Amino acid sequence: SLVAARHIIKTTDFWNAFFWFRVSGFTALAVLLMPSVRKEFAESCKKAGREIKGLLGFKMLIDFSAFMFSNYAMLYVPGIALLSALNVSIQPIIIFILTLLASIYLPSFIKEKIDRQTLITKILAITLIAAGITFINL
């Protein structure tokens, strides 16, 4: 998908490509055309508290920023495979760090086992995942 995105960005201007990427992203919302799914979704939105809505808004802002920077980088990075590998292989690292921080500072939200053996195991697993993804994409 990143190779196709790079082609689109190279053949059209950035904002036109951005528009079409966003439009294509809304196809997943077609599921909301099903009445039962739409009703359940609406009930979940009503039940969500202010904190949850704030976190979702913040997450959407982060997603939008990441999308913009990623697409902008595609204009200038000659090796799209490297960008793709870095993009995918860094995700487990970010999730590990965020989970670790949440477990330390928000133990009522999420509680992970944080001992030496568990941390070493997780770091080794993430290293293997990142190396595998990088080798596959290169």
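Residues numbered from 1 in each chain as written. Predicted model: local features only at pLDDT ≥ 70, side-chain atom pairs only at ≥ 80, totals over all residues. Heavy atoms only, no water.

The subject of this paragraph is the pattern of salt bridges. One pass over the structure, following the stated rule, counts three salt bridges. Across the pair Lys59 and Asp63 runs a salt bridge, and its minimum N-O distance is 2.2 Å. Note that Lys59 and Asp63 are positioned in helix H4 (residues 50-76) at a spacing of four residues, about one turn of the helix. Overall, Lys59 belongs to the partly exposed group, its relative accessible area being 45%. A relative accessible area of 37% places Asp63 in the partly exposed class. Between Asp115 and Lys113 there is a salt bridge whose closest N-O contact spans 3.8 Å. Since its relative accessible area comes to 29%, Asp115 is described here as partly exposed. The exposure class assigned to Lys113 is exposed, which follows from its relative accessible area of 58%. (Salt bridge = Lys/Arg side-chain N within 4 Å of Asp/Glu carboxyl O. Helix = DSSP H or I, 4+ residues; strand = E, 2+ residues; numbered from the N terminus. Buried < 20%, exposed > 50% of the residue type's maximum accessible area, 1.4 Å probe, protein only.)

Now for the nonpolar core. The biggest cluster of nonpolar side chains holds eight residues, and these are Ile9, Phe14, Ala17, Phe18, Phe21, Phe67, Met68 and Met74. Those elements giving two or more residues to this core turn out to be helix H2 (14-25) and H4. Among the elements that make up this core, the one with the highest residue count is H2 (four residues). Look past the residues within four positions of Ile9 in its chain and what remains in contact with it is Ala17, Phe21, Asn71, Met74 and Leu75. (Core = buried A, V, L, I, M, F, W, Y, C linked by side-chain atoms within 4.5 Å. Contact = heavy atoms within 4.5 Å.)

Before going further, it helps to examine H4. An α-helical turn contains 3.6 residues, so any two residues separated by three or four positions project in the same direction. The end-to-end C-alpha separation of H4 is 40 Å, in line with the 39 Å expected for 27 residues at 1.5 Å each. Regarding H4, the residues found buried are Phe67, Met68, Ser70, Asn71 and Met74. (Expected span 1.5 Å × (residues − 1).)

From the geometry alone we can't say anything about function, so treat these as descriptive.
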